[in-house]
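Geometric and topological summary
Spelled out, the chains give:
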Amino acid sequence: MLRKLFKFHGGVKPQTNKVQSTTQPIAPVPLPERLVIPLHQAVGGHPRPLVAPGDKVFKGQRIGGADGSLSSAVHASTSGIVRDVAPALMPHTSGLTTLSVVIEPDGEDRWGELDKVNYRTTPPDELRDFLRDAGVVGLGGAVFPSYAKLKPGKEGRLKTLVINGAECEPFITCDDLLMRERAADMLKGIVAMRHMLQAEEVLIGIEDNKPEAVAAVQTAIAASGQTGIEAVAIPTRYPAGGAKQLIRVLTGIEVPHGRRSTDFGVQCFNVGTAYSIFEALEFGRPLISRVVTVAGNVDLPRNYEVLIGTPMDHVVRLSGARADTDRYIMGGPMMGVRLPAFDVPVVKATNCILVGSPALFPPPPPEMPCIRCGECAKACPADLAPFEMYWFSRSKNFGKAQEYHLFDCIECGCCSFVCPSHIPLVDYFRFSKSEIWARERDKSSSDAARDRFEFKNFRQEREKQEKAEKLAAKAAATREKVAADSQAGTANPAAEAPDTAKPTAPSAEDTKRALIAAAMEKARQQKAQVAPKNTEQLSAETQADIDAIEARRAVSAATPPTPDA
Amino acid sequence: MINSPFVRKAASVQQVMLQVLLALVPGIAAYVWFFGAGILVQLALASAAALAGEAAMLAIRGKPKALFLGDLSAIVTAWLIALTFPPIVPWWLTVTATLLAIVVVKQLYGGLGQNPFNPAMAAFCLMIVAYPALMSQWPAAGQLDFSSQLQLIFGGARQVDAITGATPLDALRTALRAAANPDSQLHGLRAAQLMDGPAYGMLGGKGGEWVTLGFLLGGLWLLQRRIITWHIPGAFCLALAASAGLLWAVRPEGFASPVFHLASGGAMLGAFFILTDPVSGATTPRGKLLFAAGAGVLTFVIRAFGAYPDGVAFATLLMNLCVPLIDMNTQAPVFGHKKD
Ligand code: SF4
Ligand code: SF4
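Numbers given to residues run from 1 along each chain, matching the order in which its sequence is written. Following the order in which they are written, the chains are lettered starting with A and the ligands numbered starting with 1. The model is predicted, so local features are restricted to residues of pLDDT at least 70 and side-chain atom pairs to those at 80 or more, both for listing and for counting; the totals for chains, interfaces and linings are taken over all residues. Just so you know, side-chain values use all the structure's heavy atoms and leave hydrogens and water out.

Re the overall build of chain B
For the record, the criterion: In this description a helix means any DSSP run of H or I spanning at least four residues, a strand means any run of E spanning at least two, and both kinds are numbered starting from the N terminus. Note on classification: 1.4 Å probe, protein chains only; a residue is buried when its accessible area is under 20% of the maximum for its type, exposed when over 50%, partly exposed between these limits. The contact criterion used is simple: two residues touch if any of their non-hydrogen atoms lie within 4.5 Å. For the accessible areas, the method is Shrake-Rupley and the probe is 1.4 Å, while residue cover comes only from the protein chains on display.
Across its full length, chain B holds 15 helices and 0 strands. In chain B, which comprises 340 residues, the proportion classed as buried is 55%. Long-range pairs, those at least 24 residues apart, make up 76% of the contacts in chain B with a sequence separation of at least 6. When the accessible surface of chain B is split by element, carbon and sulfur atoms take 68% of a total near 14,300 Å².

Shown next, in the form of structure tokens:
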């Protein structure tokens, strides 16, 4: 039976780059030296810390309690000792810190006591509290607390439960692999959600570039004997995985901005969320790990089951980041955020660590004026006129920008993607939104205020970074000049003994490079030895990390302070 | 780059303009075949003037020259000027018109993307008002060889009236008016009979109709390449044909057929290359339909009742004026706000 599908306006077809990371099964990740678990990982209030430095925690123990009307608990991802409860860098472009619990694993990975519930017999309110305390949030990237969405609309029952397995962003395959490998369990989670929402039918939307996942889910449905659940292959077109776009494709319903989808008889959850609901209900396991794709500028793109709080570079190392790596992006190339450091922790929102390089993601050609070609409007899945909003955003005419429905923009990036003038349109819209929020401070909720703050910082950060880049370029030029001068001049002690960590300006660059090469070679060798096994060789792996870190430290000591950086 | 998206489609203004230029080539080839290589001289003159004018203005305005000269938009304007002007206008007229278009109509309004009027058409209108005689001398197909064309372009004194005539559009209109006059010897003749002469081909003017077909071909290619959408050429042709057809059906003795209108003058150039200029045109799908339909009707009205040889230029400018109003009132409903 062929289901009638609907179209959404616009959309684009970027290169999907997905096959690379789907050749291997989901792999475990050895325990890192320390986990940094931000307390605030979901939309809503800040959970309060429940542990203090020195406390011993079990795997799955609650370390952050849900706070406020919309909030979600946070748990220890492994057993160990709490070393610190302090602000730490969060995985966000802004470079802001957030209160985090630092845990040093004891290596035993021992679960604490877990309570389970039977979703069929537990009253809905208790069930929701249970899921809130299990820290289950939307894993598609929006990290909205799931319990808050597990309420049927006014009528007490839902028409359609939409499960989002579209995964339209290039490079990301975590949902694909999850569906391939864990379809049956995921389906159990879906059945529970369906029960809670009293949903008539369930539609699992999967882009048709994932035939294996579609087949796996269909097989699981058939095996379960459930009726009224259907896995639907939908045309591959970014952003088909946007919740509103997917609901539109599957049901024909357009949920307007600012309206609840339950008012239209629909609710949408990500496949990963369904799986974590299964884990929570079946085993009482809270959300302490998730599937993360590591892709881009790495030798072995693949998916990992990663503990929340694991430093990203700890995971990326397993895939072998190439030498010219210059950034990590959390998420995909269309909507992902560039990260301020390599060692920020994996959080619940981390579906993908996209490793970038200047070659893979070259800077855009210079920006030209808008020629009103309308390509952006043709591509906009929200049916907006981006160039009009751009015009008014540029001239800071925010009222007009809002008249052109600025806040209906889902920041999908399609407009920037197609613009022949290479205008960073989405940047303008983010900027305008933040400015408008700033102006509506009095009326805005605390949440909007936080966003505004983030954006402001992110703007300042950008300016700072641009300045730093300029300075760095200047410094490099100076260094080169100095090096050239000294080579022309007399012999230079550091050049003869490049291994010494003496802070001498001219050859420091070479020294640094040599040291890094040596450390990386050592690390590579050690990793090659441990590659076949995973957890047993943990110490060797850790040793390699330590070596690399030590080497880097030595290098940084050897690097002369640049005159004007 | 710091912010998403980190990937982009390989598209650029330069690429768009380059494809527009390429799409003009079949029409130009037919032009050269039927009317001689003089047009190539005009194209070169206009291009040089456009680049010089653009470079000077960019320098004055402190904009990056290589970037903006390389976008090829000035060349597109230049070619449209050369292709809409009579091929034997003196060199200084082509150069003046191009400079006016680039310096005044484009750059003084803010450069690429900012001009409310189509620069080439604005230049055309200014020139036809200033030099009506020079702008109305069109050689017939095969009438002038290359050297006499060169002489006309670069030579001093002109005795062109003797050797050139009006465009077929113009000539037919004059003839039709004459035919309506009981004193004239042409009285009572219909358009089809008037078109029996050597100046006319199968559809429109002799030779000219092939040039028009060349532009149609290039335009269809642009459509296929998705550089333009069907809205503007479709609505323009339909409106022009419909308004011409209406009067032709009522009074065939007084008006030319819709096919003649479509195949003559700047109709195809206008439909696919001039009105589709994104900068000065409407942008919403419904707006494009309105904009182009308005231009189609106006073109016919000016051709049939006006004093100028062709109506496309004035129609374009008039509709350019309406663009802000059209765009504002034709915004499509956004996601979730549509009434099904
Ligand atoms: S795609 Fe770019 S150049 Fe074209 S209308 Fe939109 S903003 Fe302007
Ligand atoms: S980012 Fe906003 S304006 Fe641009 S295409 Fe997406 S929804 Fe439309």
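As for the interface of chain B and chain A
Which entries qualify depends on this criterion: Note: buried area is the sum, over both parts, of the accessible area (probe 1.4 Å) each one loses when the two are combined. By definition, a salt bridge exists where a carboxyl oxygen of Asp or Glu is found within 4 Å of a side-chain nitrogen of Lys or Arg. Pairs of N or O atoms are called polar contacts if they sit within 3.5 Å, as long as, within protein, a hydrogen donor faces a hydrogen acceptor (for residues adjacent in sequence, only side-chain-to-side-chain pairs). Only Asp, Glu, Lys and Arg are considered charged in this grouping, and only Ala, Val, Leu, Ile, Met, Phe, Trp, Tyr, Cys and Pro are considered nonpolar; every other residue, Gly among them, is considered polar.
Taken together, the contact between chain B and chain A spans 36 residues of the former and 55 residues of the latter. Summed over both sides, the interface of chain B with chain A buries roughly 3,900 Å², with 61% coming from carbon and sulfur. One can count 1 salt bridge joining chain B with chain A. The tally of links between chain B and chain A comes to 15 residue pairs in polar contact (both at pLDDT 80 or more). For the side of chain B that touches chain A, the secondary structure elements donating two or more residues are α1 (13-35), α3 (65-69) and α15 (312-329) of chain B. Class assignment of the residues belonging to the side of chain B that touches chain A gives a composition of 19 nonpolar, 11 polar and 6 charged.

Observations regarding a nonpolar patch on the surface
Spelled out, the test is: For patches, a residue must show more than 30% relative accessible area and have no salt bridge; joins then use 9 Å for like charges and 5 Å for nonpolar side chains, namely Val, Leu, Ile, Met, Phe, Trp and Tyr.
Side chains of L18, L22, V25 and W221 of chain B sit close together on the surface and give an oily, nonpolar patch of about 330 Å² of accessible area. Mapped onto the elements of the fold, L22 of chain B is located in helix α1.

Observations concerning the sheet that holds strand β8 (residues 97-105) of chain A
All names here are of chain A. Put simply, the rule reads: Here a strand pair is declared whenever DSSP counts at least two bridges between the two strands.
Spatially, the 4 strands line up as an open sheet ordered β2-β8-β7-β4, and their pairing is antiparallel. Pairing within the sheet leaves two strands with one partner each, and these edge strands are β2 (35-38) and β4 (56-57). As paired elements, β4 and strand β7 (residues 80-89) share 2 bridges and run antiparallel to each other. Within the sheet, the bridge partner assigned to V57 lies in β7 and is G80.

Details of the packing of aromatic side chains
Spelled out, the test is: Classification of ring pairs uses Phe, Tyr and Trp, with its six-membered ring standing for Trp, and accepts pairs whose centres are within 6.5 Å; under 30 degrees between planes counts as stacked, over 60 as edge-to-face, and the remaining range as tilted. In our convention, an over-ring charge means Lys NZ or Arg CZ found within 6 Å of a ring centre and within 35 degrees of that ring's normal.
By the definition in use, this model includes 16 aromatic pairs over all chains. Ring centres of Y275 of chain A and F278 of chain A lie 5.8 Å apart, and the angle between their planes is 40 degrees; this geometry places the pair in the tilted category. Separated by 3 residues within a single helix, Y275 of chain A and F278 of chain A lie in helix α6 (residues 271-283), roughly one turn from each other. Between the aromatic rings of F300 of chain B and F305 of chain B, the centroid separation amounts to 6.5 Å while the plane-to-plane angle is 80 degrees, which identifies the pairing as edge-to-face. Judged by its relative accessible area of 2%, F300 of chain B falls in the buried class. Counting every residue linked through ring pairs, the aromatic cluster contains F171 and F361 of chain A together with F6 of chain B. The lysine or arginine in question, K56 of chain A, covers the ring of F58 of chain A, its NZ or CZ lying 5.6 Å from the ring centre.

Focus: the pairing of strand β13 (residues 289-296) of chain A
All names here are of chain A. Extensive coverage of β13 is indicated by the burial of 7 of its 8 residues. With 4 bridges joining them, β13 and strand β17 (residues 352-356) adopt parallel strand pairing. Counterpart to A295 in the pairing with β17 is L354.

A few points about the site of ligand 2
Residues and elements named next belong to chain A. What counts is decided by this rule: We call a residue near a molecule or strand when any one of its heavy atoms sits within 4 Å of it.
In the neighbourhood of ligand 2, 13 residues make up the surrounding shell, with C380, C409, C412, G413 and C415 lying closest. Breaking the shell around ligand 2 down by element, the ones donating at least two residues are α9 (386-394) and α11 (414-418). Counted by class, the shell around ligand 2 contains 11 nonpolar, 1 polar and 1 charged residues.

Comments concerning the domain arrangement of chain B
Quite often, the size of an interface is put as the accessible area lost when its parts meet. Residues and elements named next belong to chain B. Our working definition: An automatic or database domain assignment supplies the start and end points of every domain.
As assigned here, chain B comprises domain 1 (12-167) and domain 2 (192-204 + 228-330). Taking only C-alpha atoms, the centre of domain 1 and the centre of domain 2 are 21 Å apart. On the domain 2 side, the residues contacting the 19 residues of domain 1 number 14 residues. Counting each side, the surface lost to burial between domain 1 and domain 2 is near 1,600 Å², with a carbon and sulfur contribution of 80%. Interface area lost by domain 1 to domain 2 is led by F117, N118 and M121, which between them contribute 29%. Applying the counting criterion to the domain 1 and domain 2 interface returns 0 salt bridges. Our count for the contact surface shared by domain 1 and domain 2 stands at 2 residue pairs in polar contact (both at pLDDT 80 or more). Elements with a contribution of two residues or more to the side of domain 1 that touches domain 2: α1, α4 (73-84) and α6 (119-130).

A few points about the site of ligand 1
Taken together, the neighbourhood of ligand 1 is formed by 13 residues, with C370, C373, G374, C376 and C419 of chain A sitting nearest. When its residues are assigned to classes, the shell around ligand 1 shows 9 nonpolar, 2 polar and 2 charged.

A short note on the packing of helix α3 (residues 174-197) of chain A against α6 of chain A
Residues and elements named next belong to chain A. In plain terms, the rule: In this analysis, axes come from line fits to C-alpha atoms, helices being fitted only over the stretch in contact, and the angle between any two N-to-C directions falls in the range 0 to 180 degrees. Orientation categories follow fixed angle ranges, with anything under 35 degrees roughly parallel, anything over 145 roughly antiparallel, 65 to 115 roughly perpendicular, and all other angles oblique. With the far helix as reference, a near helix turned anticlockwise by less than a right angle produces a left-handed crossing, and one turned clockwise produces a right-handed crossing.
At a closest axis distance of 7 Å, the pairing of α3 and α6 adopts a crossing angle of 60 degrees. The angle between α3 and α6 falls in the class oblique. Here the hand of the crossing between α3 and α6 comes out left-handed. Across the interface between the two elements, D175, L178, M179, R182, D185, M186, K188, G189, I190, A192 and M193 from α3 touch V271, G272, A274, Y275, I277, F278 and L281 from α6. For the contact of α3 with α6, the per-class residue count stands at 12 nonpolar, 2 polar and 4 charged.

Focus: the nonpolar core
Residue and element names in this part refer to chain B. The cut-off we apply is this: Residues grouped as a nonpolar core are buried Ala, Val, Leu, Ile, Met, Phe, Trp, Tyr and Cys residues, joined through side-chain atoms within 4.5 Å.
Judged by nonpolar contacts, the single largest core of 82 residues is most densely connected at L83, F85, F236 and F273. Per-element accounting of this core gives the leading share, 10 residues, to α1. Split by domain, this core shows at least three residues from each of two domains, domain 1 (12-167) and domain 2 (192-204 + 228-330). Every residue in contact with L83, bar those within four places of it in the chain, is listed here: L24, I28, Y31, I39, L43, F215 and L269.

Observations concerning the sheet that holds β17 of chain A
By way of backbone hydrogen bonds, the strands of a sheet pair with one another, either parallel or antiparallel. All names here are of chain A. An order of β1-β14-β13-β17-β15-β16 is seen for the 6 strands of this open sheet, with the pairing classed as mixed. The sheet terminates laterally at β1 (27-28) and β16 (337-338), the two strands that pair on one side only. When strand β15 (residues 327-330) meets β16, the two strands line up antiparallel, connected through 2 bridges. Opposite M330, over in β16, you have V337 as the bridge partner. This element, α3, spans β13 and β14 (302-307) of the sheet and lies at about 125 degrees to β13. Sitting on the sheet, helix α7 (residues 312-319) is in contact with β1, β13, β14, β15 and β17, with an inclination near 150 degrees to β14.

Some points on the side chain of T93 of chain A
Within the fold, T93 of chain A resides in the loop between β7 and β8. In this structure the side chain of T93 of chain A is engaged in a polar contact, spanning 3.1 Å, whose partner is the backbone oxygen of R338 of chain A.

A few points about the pattern of salt bridges
Considering all chains together, one arrives at 27 salt bridges over all chains under this definition. When the shortest N-O distance is used, the salt bridge between D129 of chain A and R132 of chain A registers 3.5 Å. Here D129 of chain A and its partner R132 of chain A are both found in helix α1 (residues 124-133), 3 residues apart, which amounts to about one turn of the helix. Of the residues examined, R132 of chain A reaches a relative accessible area of 22% and is grouped as partly exposed. Residue D310 of chain B is joined to R303 of chain B by a salt bridge in which the shortest nitrogen-to-oxygen separation is 2.7 Å. Under the relative-accessibility criterion, R303 of chain B is labelled buried at 3%. Each member of the salt-bridge network shares a partner with another, and the members are R3, K159, E201 and E230 of chain A.

Some points on the confidence of the model for chain A
All names here are of chain A. To keep things clear, this is the line we draw: Values of pLDDT, which run from 0 to 100, indicate the predictor's confidence residue by residue.
The predicted model of chain A has a mean per-residue pLDDT of 83, with 79% of residues at 70 or higher. Within the model, pLDDT remains below 50 along residues 487-506, and this stretch shows 16 contacts once partners closer than five positions in the same chain are excluded. Within the model, the stretch residues 527-565 combines pLDDT values under 50 with 42 contacts to residues more than four positions away or in other chains.

Thoughts on unusual backbone geometry
Residues and elements named next belong to chain A. Cis rather than trans, the peptide bond between Y238 and P239 has omega equal to 0 degrees. In this structure, K396 takes a positive phi of about 55 degrees despite not being glycine. Note on placement: K396 falls in the loop between α9 and α10 (398-403). A relative accessible area of 49% places K396 in the partly exposed class. Not every positive phi belongs to a glycine, and H422 is a case in point at roughly 55 degrees. Examined against the element boundaries, H422 turns out to sit in the loop between α11 and α12 (425-439).

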